[in-house]
Amino acid sequence: MRKNSKHKLIVVIISICLLLTSVILTPTYAAHQKNVLIINSYHYGLSWTDDIDSAITETIKTQFGNDVRIYMEYMDWKEYPTQETLDQFQERIEYKYKDKQIDLVITSDDAALRFVETNRNSIFKDLPIVFCGVSEENFRTLAVNDNLITGVIEKVDIEATLEVAMQVNPTMETLYIVHDQTGSGKAMTDTTIAELYKMAPGIKTEVITDLTIDQIIEKVSKLSRNDSLLMTAYYTDIEGQNINFEDMIEKVSEATPAVVFSLYDFAIGHGAIGGGLLSGRMIGERTGELAVSILKGTNPNNLPLVDRGFIIDAIDYDVASRFGIDTTRLSKDIEIINQPVSIFELYRGLFITIAIIMSLMMIFLVVLSFYLRKMVKLKNELAEKNIEQVQLNEELMASEEELKAQFDALNSLFEELQSSKEKNELILDAIKDTIVDWDIKEQSVSLSENWHELIDLPLTKICSPEFIFDYIHHEDIEQIKPYFSDELPFLSNDFITQVRLKTNEAHFKWFLVKGAVKRDRQGFPTRMISSFTDIDGIKQMEDQIRYAAFHDGLTGLGNKNALEATVQKDVKRGISQYGILLVDIDHFKRINDTMGHRFGDKYIKAVGKILELQLGPNSSIYRISGDEFIIYHRMSNPRELEALGRHLTSVMNRIIQVEYSNFSNSVSVGISNYPQDGDNLDDLITRADLAMYKSKESGRGKVLHYNSTMFEKIIWRVEREEALKHAIANHELYLAFQPQIDCKTKEIIGFEALIRWSNPKLGQITPLEFIPIAEETQLIMPIGKWVIDETLTFINEINKISNKRIHVAVNVSVLQLIQEDFEELLLESLSLKAISPDQFVIEITESVLMQAIDATAAKLERLQAIGLKVALDDFGTGYSSLSYLKNLPIDILKIDKSFVDTLGETSSHDDLIRMIVQMGQELGLHMVAEGVEHQSQLEMLQTFGCNAMQGYYYSKPLSKEDSIKLLQIENKN
């Protein structure tokens, strides 16, 4: 008993000592918060700058945590190296930090250090400075007489890069060196030539510099495998065209058969194989360490300049593999990046930890066994000695109390387990999932209770999950079979798939199947648990939307999406020849004007039906717009197309009865065929369209094949493209604003900004005509910025007359979204105009969002986080997958006009729109219907619970002045 007490006393003393030590050794810093200003020469997003900044920030934050605040500023000197930039930057720094106590200034690269030293006696007087990214020569020029400065000297290791290059390419005959016109680029090239001559006089060198970017790409494409290429520094070509270094090295690497080396680590992953790499992150870490020392009180003058510790000899394993380079023959000092690792190496720490734990457990068991034997021996001795009976009784009483405590603990644990079981059962009831629990080791299967509600389970004991195959649709068995059979040991630890399951109701329903596998230490599976989630309702809704996306709502024929899918499928099957016949109803506008649109729609349906009945197995029909149909024909001889076209014009030259009226009309047909007239579907449709218009010009009711003389459309395009270049400068663009109305209150809650173009020569040009031209020619960027600026000005004006928070939506092109500075420029414009973010809505179409979802989703989420709203336009015309909506960064869902137009036609269409509205609202989206033109449409949308609408029923798009008047009238009422 005395020994046990002694052991407990020692443990208590050690614990107190450790506690006191941790208190004593806890670092203490100044009570006030430190402020650090980091000034970067270049712009945010440049890999070099971002690596340095992140490393400096992490190093300082590791020491000081929230006791330091770090401010970031960017000069953007690569893009704007002018005195005006310096003046504006100086004004910004003076304004932003005039009332802040800055404790330390950190500069990255030459321009920032030069700026700080220029303003040393004004803005940065008596402030300690830490620099980085500056050569020793430039430091001596800029700040050698400064007594409050230290930093990290940038020094590239050309010799190390050449050593790596000669190991990687031992048969190298010529080293080509690419650099721009900067002094640093030329200096590094001269050093490289001198070093290579000392190391390997037999290797020739050739400098590539006085060329444009395209000329450089063409030149390096002609190099051989025995050549090597070194990229020193390249940001501007001979004509002054700027380019990111990473983009330049990617272009060169993709074009040349030679191995490309670099002096900087951010070239890794962009096609360069490596070299003696200057690491921006390691420079940032050294800079951060100097900053920490100064913030702790060390005088910068007592800290020597750092000129080493940031070079790594490394190559990219992926690039080496592409060139067939055996990395095992390289020096052990060269680090191999991106090299695949074994399972043991990947989880080495975990394996070691498990081994240590098992060893400790074995030691514990040995010690425990020793003490158990000792206790048994002691108990026997005490039983033989009556003189120690009292002490034995006390120990037995203590043991009894300990057993009671253990019993209480076990009882508490049992209650917790019971509560956990009830909780799990409630969760299963709530999510309505059915569960299969397969104990592989015991060869038994447990099923959740709701399986009995789903299928007729066998009465015998279930030992294997293979019973489920009797209920799975035969087409889905192969994709689920590996997870519910003996193939399981060779698969991954989790899986997800979709299958159809036959239920008690005697029909198949769709289920989402998710599973997880537990394995023993040898990697063999011991247990598999899977869940079956009913997704049949979502699948049916997706099928309906998918049908609407691939079929024309009026005729039920396939639309352009369906045509594209058919062509792609045939091309994959090896179809080498096909033709396009574009059929247009002659004088259809006259039918619409005289008989009305309702009759015109029925006439189109009748024509589509007649055309469809004339087609054989190698032809199919599609309606793409208005009164135009496309016949897609798989052919063996081009003459088949003209024969089919003549047959169609002959058949259509007849009387067609619609309701109680008879009409005699004709069709004009334009033909193009693949591959003679175009190598893609859009070109073929365009050329068939040109031929069809030529047919109409020559008298209608005729068939014409496209030929190269049909240039009218091209001239049309060139005229508009040339005029669009000057549209902003000539004040030809203007905005119209269509009100968005609350369906319940009938009040204006917002506007959609719609761009218009009026040219004095070409007249009024619709957005459908000039927006595609703007996107193809990159003019969408300045036009998009103009639209945003004009919209913000409009918001300012309506804020002056209205107390409501009215928002305005702007359509944004995918080309704008993917620009690196889109987010920055938009936020800057909002700030300059003093506009609240929640009044600005970014409106994008489904196709735009899905084309670049990886590049734009994160950007849209950041804009959402500060209050901007994102609207998804034209829903139902693109992907229309409801399963995507909950994962997309959107706030507003706009139902396309084509859906609204069909309201009241059939109950199935009405039910579809009702389901879209309800599903959108369940996902927390604000639902807006477009193109509302009738009272009946509005009333149905109100019954569906739609939040808002826009369309000619309330107002056509208005000028800015008329929109303001409309708001003033509403305010008075």
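Residues numbered from 1 in each chain as written. Predicted model: local features only at pLDDT ≥ 70, side-chain atom pairs only at ≥ 80, totals over all residues. Heavy atoms only, no water.

The protein chain has the name ABC transporter substrate binding protein in an unreviewed UniProt entry, where Fusibacter bizertensis is given as its organism.

With that settled, consider the overall build of the protein chain. Counting its regular elements, the protein chain contains 34 helices and 33 strands. Per-residue burial over the protein chain gives 43% buried out of 973 residues. Across the protein chain, the fraction of contacts at a sequence separation of at least 24, relative to all contacts at a separation of at least 6, is 65%. Of the roughly 52,600 Å² of accessible surface on the protein chain, a fraction of 53% belongs to carbon and sulfur atoms. (Helix = DSSP H or I, 4+ residues; strand = E, 2+ residues; numbered from the N terminus. Buried < 20%, exposed > 50% of the residue type's maximum accessible area, 1.4 Å probe, protein only. Contact = heavy atoms within 4.5 Å. Areas by Shrake-Rupley, 256 points an atom, 1.4 Å probe, with all protein chains shown as cover.)

Quick look at the nonpolar core now. Membership of the largest hydrophobic core comes to 73 residues, with the highest contact counts inside it found for Leu724, Leu826, Phe840 and Ile842. Tallying contributions element by element places helix H25 (residues 780-801) first for this core, with nine residues. Apart from residues lying up to four places away in sequence, isoleucine 842 is in contact with Val810, Val812, Phe822, Leu826, Leu860, Leu863, Leu868, Lys869, Val870 and Ala871. Core analysis: the next-biggest nonpolar cluster, separate from the first, contains 72 residues, Ile60, Ile203, Ala233 and Met248 among them. (Core = buried A, V, L, I, M, F, W, Y, C linked by side-chain atoms within 4.5 Å.)

With that settled, consider empty space enclosed by the protein. In total, this model carries three cavities of 30 Å³ or more according to the counting rule given. In this structure, the second largest cavity occupies an estimated 40 Å³ of space. If you trace the second largest cavity, you find it lined by Gln740, His807, Ala809, Val841, Glu843, Ala871, Ile892, Lys894 and Val928. Breaking the lining of the second largest cavity down by element, the ones donating at least two residues are strand E28 (807-811), strand E29 (840-845) and strand E31 (892-895). (1 Å grid on protein atoms, 1.4 Å probe; cavity = no way out; pocket = protein on both sides within 12 Å on 5 of 7 lines; lining within 4 Å. Points joined across faces, edges and corners; volume = space filled by probe spheres on them.)

Glancing now at the pattern of salt bridges. Counted under the stated rule, the structure contains 36 salt bridges. A salt bridge links glutamate 642 to arginine 646; its shortest N-O distance comes to 3.7 Å. Taken together, the positions of glutamate 642 and arginine 646, both in helix H21 (residues 639-652) and four residues apart, correspond to about one turn of that helix. Of the residues examined, arginine 646 reaches a relative accessible area of 49% and is grouped as partly exposed. Taken together, the salt bridges that share partners define one network made up of Glu58, Arg281, Glu285, Arg286 and Glu289. (Salt bridge = Lys/Arg side-chain N within 4 Å of Asp/Glu carboxyl O.)

Turning our attention to the environment of histidine 926. When you line up the elements, histidine 926 lands in strand E32 (residues 926-929). Since its relative accessible area comes to 29%, histidine 926 is described here as partly exposed. For the pair histidine 926 and cysteine 946, spaced 20 residues apart in the sequence, the C-alpha separation amounts to 8.2 Å. Residues contacting histidine 926, with those up to four places away along its chain left out, are Ile749, Asp891, Ile892, Leu893, Asn947 and Ala948.

Moving on: the packing of helix H8 (residues 213-220) against helix H9 (residues 245-255). Between H8 and H9, the shortest axis-to-axis distance is 8 Å and the interhelical angle comes to 30 degrees. Judged by the inter-axis angle, H8 sits roughly parallel to H9. Once H8 is placed against H9, the crossing between them reads as right-handed. Contact residues: Ile213, Ile216, Ile217 and Val220 in H8; Met248, Lys251, Val252 and Ala255 in H9. (Axes fitted to C-alpha atoms, helices over the stretch in contact; angles between N-to-C directions. Parallel < 35°, antiparallel > 145°, perpendicular 65-115°, else oblique. Left-handed = near helix turned anticlockwise from the far one by under 90°.)

What follows is about the pairing of E29. The element E29 is extensively covered by neighbouring structure, given that six of its six residues are classed as buried. Pairing geometry for E28 and E29, over four bridges, is parallel. Looking across to E29, one finds that asparagine 811 is bridged to glutamate 843. By the bridge criterion, five bridges tie E29 to strand E30 (residues 869-875) in an arrangement that is parallel. For glutamate 843, the partnering residue across the bridge sits in E30 and is alanine 871. (Pairing = 2+ DSSP bridges.)

On to the packing of aromatic side chains. As enumerated under the stated definition, the model contains 16 aromatic pairs in all. Geometrically, the ring pair formed by phenylalanine 751 and phenylalanine 794 is edge-to-face, given 5.5 Å between the ring centres and 85 degrees between the ring planes. You can see phenylalanine 751 sitting in strand E26 (residues 748-759) and its partner phenylalanine 794 sitting in helix H25, a full 43 residues away along the chain. Of the two residues, phenylalanine 751 and phenylalanine 794, both sit in the buried class. Here the aromatic residues Trp48, Phe245, Tyr264 and Phe266 are joined through ring pairs into a cluster of three or more. Above the face of the tyrosine 42 ring, lysine 78 is positioned so that its terminal group lies 4.3 Å from the ring centre. (Phe/Tyr/Trp six-rings, centres within 6.5 Å; stacked < 30°, edge-to-face > 60°. Lys NZ or Arg CZ within 6 Å of the ring centre and 35° of its normal.)

To continue, consider the sheet that holds strand E4 (residues 129-134). Hydrogen bonds between backbone atoms are what pair the strands of a sheet, whose relative direction is either parallel or antiparallel. Overall, parallel pairing links the five strands, which are arranged E2-E1-E3-E4-E5 in an open sheet. Strands at the two margins of the open sheet, each flanked by one partner only, are strand E2 (68-74) and strand E5 (149-153). For this sheet, the mean angle separating the axes of adjacent strands, direction not counted, is 15 degrees. Pairing of strand E3 (residues 104-108) with E4 involves four bridges; the strand directions are parallel. Bridge pairing links isoleucine 106 to valine 130 in E4. Across the sheet, helix H2 (residues 47-64) touches strand E1 (34-40), E2, E3 and E4, and the angle it forms with E2 is around 170 degrees.

Packing of H25 against helix H34 (residues 960-972) brings their axes to within 10 Å, and their N-to-C directions diverge by 25 degrees. In this view, H25 runs roughly parallel relative to H34, as classed from their interaxial angle. The crossing of H25 and H34 is right-handed. Residues Phe794, Glu797, Ile798 and Ile801 of H25 form the contact with H34, whose own contacting residues are Lys960, Ser963, Ile964, Leu967, Gln968 and Asn971. Across the contact of H25 with H34, the residue classes tally to five nonpolar, three polar and two charged. (Nonpolar A, V, L, I, M, F, W, Y, C, P; charged D, E, K, R; others polar.)

What follows covers the side chain of aspartate 584. Mapped onto the secondary structure, aspartate 584 falls in strand E18 (residues 578-585). A residue is classified by how much of its surface remains accessible, and aspartate 584, at 6% relative accessible area, is buried. Aside from chain neighbours lying at most four places away, what touches aspartate 584 is Asp627, Glu628, Ser666, Val667, Ser668, Met692 and Lys696.

The next subject is helix H10 (residues 280-295). Taking 1.5 Å per residue, 16 residues should reach 22 Å; H10 reaches 22 Å between its end C-alpha atoms and fits that length. Those residues of H10 that fall on the buried side of the exposure criterion are Gly280, Ile283, Gly284, Arg286, Thr287, Gly288, Leu290, Ala291, Val292, Ile294 and Leu295. Residues of H10 that are buried sit in contact with E1, H2, E3, E4, E5 and strand E10 (274-278). (Expected span 1.5 Å × (residues − 1).)

Moving on, we get to the sheet that holds strand E17 (residues 525-534). Sheet architecture is open: five strands sit in the order E14-E13-E17-E16-E15, paired in antiparallel fashion. Each of the sheet's edge strands pairs with one partner strand only, and the pair in question is strand E14 (444-447) and strand E15 (494-502). Strand-to-strand twist across the sheet, computed as the mean angle between neighbouring axes with direction ignored, equals 20 degrees. Sheet topology places strand E16 (residues 508-519) next to E17; nine bridges connect them, and they run antiparallel. Residue pairing for E17: leucine 512 is matched across the bridge by threonine 533. Here helix H17 (residues 536-550) sits on the sheet and contacts E15, E16 and E17; the angle it forms with E16, its principal contact strand, is near 125 degrees.

Moving on to unusual backbone geometry. The omega torsion across tyrosine 674 and proline 675 is 5 degrees, close enough to zero to call that bond cis. With respect to the element layout, proline 675 can be found in the loop between strand E23 (667-674) and helix H22 (681-697). The phi dihedral of aspartate 126 is positive, around 65 degrees, even though this residue is not glycine. Despite not being glycine, alanine 834 has its phi angle at roughly 60 degrees, a positive value.

Attention now moves to the pairing of E10. Taking burial as the measure, the five residues of E10 include five buried ones, the bulk of the element. Note: E10 against strand E11 (residues 311-316), five bridges, orientation antiparallel. Within the sheet, the bridge partner assigned to glycine 274 lies in E11 and is isoleucine 315.

A contiguous patch of negative charge on the surface is contributed by Asp247, Glu820, Asp821, Glu824 and Glu828. Its place among the elements puts aspartate 821 in the loop between helix H26 (814-817) and helix H27 (822-833). On the basis of relative accessibility, which here comes to 36%, the residue aspartate 821 falls in the partly exposed class. (Patch = residues over 30% accessible without salt bridge, like charges linked within 9 Å, V, L, I, M, F, W, Y side chains within 5 Å. Lys, Arg positive; Asp, Glu negative; His and termini not counted. Charge placed at Lys NZ, Arg CZ, Asp CG, Glu CD.)

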